[in-house]
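Observations on chain architecture
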Amino acid sequence: MSEKTGETLLEVKNLRTSFQTDAGIVQSVRGISFHANRGESLGIVGESGCGKSVSMLSIMRLLADNAHLKADKILFNGEDLLHKTAKEMRSIQGNRIGMIFQDPMTSLNPLFTVEEQLCNPLMRHLKLSKKEAKARALKMLEDVGIPSPEKRLSQFPHELSGGMRQRVMIAIAMCCQPELLIADEPTTALDVTIQAQILDLMAHMKQEYGTSVILITHDLGVIASICTRVLVMYSGLVMEEGSIEDIFYRTGHPYTAGLLASIPKETKEKLIPIYGTPPDLLNPPKGCPFTARCPHAMEVCRQYQPPLVPLGEHHSSACWLHHKSVKAKIGEVKL
Amino acid sequence: MTTSMTEHATANMSVTEKTCIEAQDLKIHFKLKSGFFSKPRYLKAVDGVSFSITQGKTMGLVGESGCGKSTVGRALLRLYDPAGGKILFNGEDITHSSDAQMQPYRKKMQMIFQDPYTSLDPRKNIRDIIAEPMWALRLYEGKEREDRIRELIEMVGLKPDHLNRYPHEFSGGQRQRIGIARALAAEPEFIVCDEPISALDVSIQAQVINILEELQENFHFTYLFISHDLSMVRHISSEVGVMYLGNLVEYAQVDELYDNMMHPYTKSLLSAVPVADPIRASKSQRIILQGDVPSPIDPPSGCPFRTRCAYAKDICAKEKPLLQNINDKHKVACHLYK
């Protein structure tokens, strides 16, 4: 671990990403601010379409041509990423920020061997010779727990199982020893036993290289087992932010509370679902996006978007229930 | 509710504790491509699985991908021809029934599919999708059919004016409800739910599970719930079977299985499930299995799990352990328990 643990590594302020489509402008991310510290693992949870992947792709500048990105600032290690050219970004992508994509079946190139895909970033970013790169690639495969790595190097992705491919993805993302690793649903396509292996491996890599991790998932169990801080997103906005204890035991937002209530408990009590579906981002509602599904919705929620209100030292929630004027009127509401 | 459905339900109520469906040493083998003169090779997807489900109950079937759990579900509906063993539905042997002989059983057995995005025909409106089983099985005519369709769509929490719309106009959770309505159209007794929630978001999963539970309470359906979400299986099932490489390695009453698991595979599988509770998550010890599942084309000799088992002994390579009773609620196939 580096001695700079705890320092801010990534700071994002008021990020907005929209996509121009035939149906109109889809506002996928509607103004989110967050930061990630050195050596910590930040979890981002939310439903499909809440903008969690798009916000990460925005930071990496891997968006499609029809995307429009705006932000007050995106600072990585003090450097402004927002105004970098595509060429300058390329020295950061895969080098100082590594990324693991969701589906290992489709994110590896089927036409190149594992060796070519793993040596490419090493030769490009670290300027290693072919021989050095191969030696390093071999060590990386060993580190991620792939048996008989020499044989695997010359194989193509289709010859590997899902768990193996995800390991290769991790090896590629980690080979340049990035300061930040963004893992976008790294285990969603895998079985629980393989998921446990991969999560274990990520925790180990984080320990060994002191990498900061941003983990995107919709599984609160995965969050609970490896993250220290959590960002809850809904409909392109941050709903709640806090340590895992804050999120699980001092829940501050009705949406987070709803997510927790819809997970089955050992006691087998009836599940409490969140009724309805998330709003359409082509035409997002004026007020709080969760209003239509929220059991505590009030008139003010329909009209105005709630600001993030601090609830504790590092804990904040965007909900009118925590606002002074509302509290004065209806008192403290138990979530 | 119309009278037909109520009668149907009460008729079933009086016969509780009756076995709905039973598999006895069920084997499903798929023939692989091989040369003209070479010996035919088989992929043993299911290799001798026995269990029974009591009417009105839910059996959960868990295991990793490729362990044969979906094949078991499909085989029970006779979508595959078994290579061996027996399938009994309400006590009658349907293992080798012809298509014509299966016809009366078809309406009593239905299936809910995994992916709500691909299991509904995009060119049909919702009315036609729900009516399809009625049309195929010659149930209801004219006005009666329309009434029934309206009743079904309300049963799953959608509105009759949704009937003229097409699948692409619905979200994943709503589509899965349409899939459930279609399965109910034939008035089934037994429903195979093949990963019905795995394509859905957490907040939507609970909606679908609640619908399945309410329907079971009202109409006494029997479910085979195939899933890799072990906490949801615990929530909904009364019995659970754990499969590994085409074999049932453990089978028990649900709480007995989760509190007192015996097979080394079950232990590692359950320990791998992430707990949505940071304090408990930090205390729990994961048992991490090494390696991948062996190929079912060339499975290991003896116990299928021995190649990854920490307790494997000599006997495990020689003899395949049989599923045996530990007590009246619990069966396990492992040489450690003899």
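What you see is a predicted model, and the numbers here were worked out from it, not measured in a lab. (Residues numbered from 1 in each chain as written. Chains lettered and ligands numbered in written order. Predicted model: local features only at pLDDT ≥ 70, side-chain atom pairs only at ≥ 80, totals over all residues. Heavy atoms only, no water.)

Focus on the sheet that holds strand β2 (residues 42-54) of chain B
Residues and elements named next belong to chain B. Read from one edge to the other, the open sheet built from 4 strands follows the order β2-β1-β4-β5, with strand pairing classed as antiparallel. The outermost strands of the open sheet, each flanked by one partner alone, are β2 and β5 (92-93). Docked against the sheet, helix α2 (residues 69-76) engages β1 (19-31), β2 and β4 (84-89), running at close to 115 degrees with respect to β1. (Pairing = 2+ DSSP bridges. Helix = DSSP H or I, 4+ residues; strand = E, 2+ residues; numbered from the N terminus. Contact = heavy atoms within 4.5 Å. Axes fitted to C-alpha atoms, helices over the stretch in contact; angles between N-to-C directions.)

Section: the packing of helix α6 (residues 162-174) of chain A against helix α7 (residues 192-209) of chain A
Residues and elements named next belong to chain A. With their axes 10 Å apart at the nearest point, α6 and α7 run at an angle of 15 degrees to one another. Considered as vectors, α6 and α7 are oriented roughly parallel to each other. Regarding α6 and α7, the two cross each other, and that crossing is right-handed. Along the contact surface, α6 presents Gly163, Gln166, Arg167, Ile170 and Met174, while α7 presents Ile194, Gln197, Ile198, Leu201, Met202, Met205 and Tyr209. (Parallel < 35°, antiparallel > 145°, perpendicular 65-115°, else oblique. Left-handed = near helix turned anticlockwise from the far one by under 90°.)

A closer look at the sheet that holds strand β9 (residues 212-217) of chain A
Residues and elements named next belong to chain A. Read from one edge to the other, the open sheet built from 8 strands follows the order β7-β8-β9-β3-β10-β11-β13-β12, with strand pairing classed as mixed. Two strands close off the open sheet at either side, each with one partner strand: β7 (97-100) and β12 (309-310). With 6 bridges joining them, strand β10 (residues 229-234) and strand β11 (residues 237-243) adopt antiparallel strand pairing. Its bridge partner being in β11, Tyr234 is matched across the sheet by Leu237.

Here's the deal with the packing of aromatic side chains
Residue and element names in this part refer to chain A. A full pass over the atoms with the stated rule returns 11 aromatic pairs over all chains. Between Tyr234 and Phe290, the ring centres sit 5.3 Å apart and the planes meet at 85 degrees, which makes this aromatic pair edge-to-face. In this pair, Tyr234 sits in strand β10 while Phe290 sits in the loop between α10 (254-261) and α11 (299-303), placing the two residues 56 residues apart along the sequence. For Tyr234, a relative accessible area of 1% puts it in the buried group. Through a chain of ring-to-ring contacts, the aromatic side chains of Tyr234, Tyr255 and Phe290 assemble into a single cluster. (Phe/Tyr/Trp six-rings, centres within 6.5 Å; stacked < 30°, edge-to-face > 60°. Buried < 20%, exposed > 50% of the residue type's maximum accessible area, 1.4 Å probe, protein only.)

Things to note about the side chain of A:Thr251
All names here are of chain A. Inspection of the secondary structure puts Thr251 in the loop between α9 (244-249) and α10. Here the side chain of Thr251 touches Ile247 through a polar contact of 2.8 Å, landing on its backbone oxygen. Apart from residues lying up to four places away in sequence, Thr251 is in contact with Glu240, Asp246, Thr256, Ala257, Leu260 and Leu335. (Polar contact = N/O pair within 3.5 Å; in protein donor to acceptor, adjacent residues only side chain to side chain.)

Examining the UniProt feature "domain: ABC transporter" (unreviewed entry) in chain A
This chain's UniProt record puts "domain: ABC transporter" (unreviewed entry) on residues 10-260 of chain A. The span residues 10-260 of chain A carries 38% helix and 27% strand; its end-to-end C-alpha distance comes to 28 Å. (UniProt positions renumbered as here; feature names shortened; annotations may be inferred.)

Remarks on the confidence of the model for chain B
Residues and elements named next belong to chain B. Looking at chain B as a whole, the pLDDT averages 90, with 95% of positions reaching at least 70. The model gives residues 1-7 a pLDDT under 50, and that stretch makes 13 contacts with residues more than four places away or in other chains. Confidence over residues 9-15 falls short of pLDDT 50; this stretch has 9 contacts with residues more than four positions distant or in other chains. (pLDDT = per-residue confidence, 0-100.)

Comments concerning the packing of helix α3 (residues 114-125) of chain A against helix α4 (residues 130-143) of chain A
In helix packing, the relevant descriptors are the interaxial angle and the interaxial distance, both defined with respect to the helix axes. All names here are of chain A. Where α3 meets α4, the closest approach of the two axes is 9 Å, and the angle between their N-to-C directions is 115 degrees. Put simply, α3 runs roughly perpendicular to α4. With respect to the hand of their crossing, α3 and α4 are arranged in right-handed fashion. Residues Val114, Glu115, Leu118, Cys119, Leu122 and Met123 of α3 lie in contact with α4, whose contacting residues are Lys130, Ala133, Lys134, Arg136, Ala137 and Leu141. Here the residues of the contact of α3 with α4 sort into 8 nonpolar, no polar and 4 charged. (Nonpolar A, V, L, I, M, F, W, Y, C, P; charged D, E, K, R; others polar.)

Some remarks on the layout of surface pockets
Residues and elements named next belong to chain A. Counted as a void, the second largest pocket has a volume near 620 Å³. In this structure, the second largest pocket is lined by 21 residues; those nearest its centre are Gly94, Phe101, Gln117, Pro121 and Ile172. Sorting the residues of the lining of the second largest pocket by element identifies β7, α3 and α6 as the ones contributing at least two each. Ranked by residue count, the leading element in the lining of the second largest pocket is α3, at 6 residues. Considered class by class, the residues forming the lining of the second largest pocket number 10 nonpolar, 8 polar and 3 charged. (1 Å grid on protein atoms, 1.4 Å probe; cavity = no way out; pocket = protein on both sides within 12 Å on 5 of 7 lines; lining within 4 Å. Points joined across faces, edges and corners; volume = space filled by probe spheres on them.)

Quick word on the pattern of salt bridges
Per the counting criterion, the structure on display carries 28 salt bridges over all chains. Close ionic contact of A:Arg96 with A:Glu79 constitutes a salt bridge, the shortest N to O distance being 3.0 Å. Pair noted here: A:Arg96 is in the loop between α2 (86-90) and β7 and A:Glu79 is in strand β6 (residues 79-80), with a separation of 17 residues, a long-range link. Ionic pairing is found between B:Arg308 and B:Glu64, a salt bridge with its closest N-O pair at 3.6 Å. Residue B:Arg308 is located in the loop between α11 (278-283) and α12 (314-318), and its partner B:Glu64 is located in the loop between β3 (58-62) and α2; the two are separated by 244 residues in the primary sequence. (Salt bridge = Lys/Arg side-chain N within 4 Å of Asp/Glu carboxyl O.)

Re the interface of chain B and chain A
Listed as interface residues are 39 residues of chain B and, on the opposing side, 38 residues of chain A. Around 3,300 Å² of area is buried between chain B and chain A when both sides are counted, 58% of it from carbon and sulfur atoms. Scanning the region where chain B abuts chain A turns up 5 salt bridges. B:Arg286 is the salt-bridge partner of A:Asp200, the closest N and O atoms lying 3.6 Å from each other. Here chain B and chain A share 13 residue pairs in polar contact (both at pLDDT 80 or more) between them. For the side of chain B that touches chain A, the secondary structure elements donating two or more residues are α7 (202-219), α8 (230-236), α9 (254-259) and α11 of chain B. Take the side of chain B that touches chain A: its biggest share by element is 9 residues, from α7(B). Taken together, the residues of the side of chain B that touches chain A sort by class into 17 nonpolar, 11 polar and 11 charged. (Buried area = accessible area lost by both parts, 1.4 Å probe.)

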